[in-house]
Amino acid sequence: MTAPDHILLLAGTFEARQLAERLSSTFPGLHLTVSFAGVVRDLPDLGVPTRIGGFGGTAGLAKFLEDESVTLVIDATHPFAAQMSRNAFEACSNCRLPLLRLERTAWKPLEEDRWEPVVSIEDAVSALPSASRAFLAVGRKEISRFYPRSDIFGVARMIEPPRQPLPPQWELVLARPSSSAEEEMSLLRKRGITHLVAKNSGGERSYAKIEAARRLGLPVIMIDRPKLPRTKTSTTVADTVEKIRIVLASNRS
Ligand code: NAP
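Description of the structure in this document. What you see is a predicted model; the values in this text were computed from it and never measured.

## Considering the sheet that holds strand E9 (residues 171–174)
Taken together, the six strands give an open sheet; going across it, the order is E6-E11-E10-E7-E8-E9, and neighbouring strands pair in parallel fashion. The open sheet has two free edges, formed respectively by strand E6 (114–118) and E9, since each of these has just one partner strand. Recorded for the sheet is a direction-independent mean angle of 20° between the axes of neighbouring strands. Sheet topology places strand E8 (residues 153–158) next to E9; four bridges connect them, and they run parallel. Considered in E9, the bridge of Arg 157 is made with Val 173. Lying over the sheet, helix H6 (residues 208–216) contacts E6, strand E7 (133–137), E8, strand E10 (195–199) and strand E11 (219–223), oriented at roughly 150° with respect to E10.

Shown next, in the form of C-alpha cells:
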C-alpha cells in the first residue's frame, strides 16, 4: 500500500485556516500539517496536526520536507510574507516537490480613492509629509521603520505589541482591523488622521479602513506587494482545493 499524501500548509492568513478545514473534510485520511510562524499568540485549534515556528531557512525547510515525506506544499502565507514564500519556492525546487500558492487578489483603487502607490516601506516612510497624522496599518515587524519620523504623529494598529515601543506621544491600538467602515471612520476621525499607510493585503477582512479613508477623502499611501517567484497560484480557497485534487490524483497515477 502506498503512503498517504502529506501536505504541508504554510499558514498565517484567514484563508489558510479556511483551507485547512476544507482539506480535512474534502480529503479524509489525508496527512496534513499546518505550519504557523508563531507570531500571533491566540492560534486557532484547527483540529489538524500543527507545528509552530520557523524551519531554519530554505535548508531547514528542505530537511523538514524530506524527513516528513511531504508530497505537496501549499503556500498560504500573507502576500507580504516574502521570505517564507521565497524559501518555500527554493526548497520545493530543490526537493522537486509541487508547490501551490494561495494568494488573495490585490485591492484596486476606485475613482474616488486618493491612493499614492509606493513600492516599499522605505518609500512609505518618506512619502508622509511633515506634521502629518498618520494611521500606520503596517504590522509590528515594520513599524519601527517609521520611528525616525519625529516630525509626524503616528497611530499604529497591530495584533501583538511591537518589539520596540512606539515613540513617546504616538498611540498604539492593539486590535485586529474592524470590518465596519463606520468604526474605522470613527477611529480615523477621533485621532485627526490625515494619512493612512497600508499594505496592499487584499481580501475583505481589512478593507474597511480603505473604504473609511475613501469616505473621509483621506490620502492612502499604499504599499505594493513584494515580487515573488512565479509559481502556480490560486486566489480562492475553492480553486486551491481543486488544484490540490489534481496534484493528488497525479501523485496516485
Ligand atoms: P516572512 O518575513 O516571510 O518570514 C520570516 C520567517 O518566519 C521565515 O523565514 C520563516 O522562518 C518564518 N515563517 C514565516 N511564515 C511561517 C510559517 N507559516 N510557518 C513557519 N515559519 C514561518 O514572514 P512575516 O512577514 O514575518 O510573517 C510571519 C507570519 O505572519 C506569516 O505566516 C504570515 O503569513 C503572517 N502574516 C504576515 C503579515 C505581513 O504583513 N508580513 C500580515 C499578516 C500575517 P524560517 O526561515 O526559520 O523558516
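## Details of the site of the ligand
Taken together, 23 residues form the shell around the ligand, and within it Ser 35, Phe 55, Met 84, Lys 141 and Lys 199 come nearest. Measuring from an oxygen atom of the ligand, one finds a backbone N or O atom of Phe 55 at 2.7 Å. Those elements giving two or more residues to the shell around the ligand turn out to be strand E2 (31–36) and helix H3 (82–95). Here the element with the most residues in the shell around the ligand is H3; it accounts for four residues.

## Looking at the packing of helix H5 (residues 181–190) against H6
Direction vectors running N to C along H5 and H6 enclose 60°, while the axes themselves pass 8 Å from each other. The hand of the H5/H6 crossing is right-handed. Between H5 and H6, the contacting residues are Ala 181, Glu 182, Glu 184, Met 185, Leu 188 and Arg 189 on the first element and Ala 208, Lys 209, Glu 211, Ala 212, Ala 213, Arg 215 and Leu 216 on the second. Residues belonging to the contact of H5 with H6 are distributed by class as follows: seven nonpolar, no polar and six charged.

## A look at the packing of helix H1 (residues 14–26) against helix H7 (residues 237–252)
Viewed as axis vectors pointing N to C, H1 and H7 meet at an angle of 45°, and their least axial separation amounts to 10 Å. The angle between the axes of H1 and H7 places the two elements in the oblique class. When you trace H1 past H7, the crossing you get is right-handed. The residues of H7 that touch H1, namely those facing Glu 15, Gln 18, Leu 19, Arg 22, Leu 23 and Thr 26, are Val 237, Ala 238, Thr 240, Val 241, Ile 244 and Arg 245. Looking at the contact of H1 with H7 residue by residue, the class counts come to six nonpolar, three polar and three charged.

## Some thoughts on the pairing of strand E5 (residues 99–102)
Each regular strand shows side chains that alternate between the opposite faces of the sheet. Residues of E5 alternate between two faces, with Leu 99 and Arg 101 on one and Leu 100 and Leu 102 on the opposite face, all of them buried. Note: strand E4 (residues 72–75) against E5, three bridges, orientation parallel. By the bridge assignment, Val 73 is partnered in E5 with Leu 99. In this fold, E4 hands off to H3, which returns the chain to E5; that crossover is right-handed. Bridging between E5 and strand E12 (residues 233–234) involves two bridges; their strand directions are parallel. Note on E12: the bridge partner recorded for Arg 101 is Thr 233.

What counts, and where the lines are drawn
- Residues numbered from 1 in each chain as written.
- Predicted model: local features only at pLDDT ≥ 70, side-chain atom pairs only at ≥ 80, totals over all residues.
- Heavy atoms only, no water.
- Pairing = 2+ DSSP bridges.
- Helix = DSSP H or I, 4+ residues; strand = E, 2+ residues; numbered from the N terminus.
- Axes fitted to C-alpha atoms, helices over the stretch in contact; angles between N-to-C directions.
- Contact = heavy atoms within 4.5 Å.
- Near = heavy atom within 4 Å.
- Polar contact = N/O pair within 3.5 Å; in protein donor to acceptor, adjacent residues only side chain to side chain.
- Left-handed = near helix turned anticlockwise from the far one by under 90°.
- Nonpolar A, V, L, I, M, F, W, Y, C, P; charged D, E, K, R; others polar.
- Parallel < 35°, antiparallel > 145°, perpendicular 65-115°, else oblique.
- Buried < 20%, exposed > 50% of the residue type's maximum accessible area, 1.4 Å probe, protein only.
- Right-handed = clockwise from strand over helix to strand, strands pointing away.

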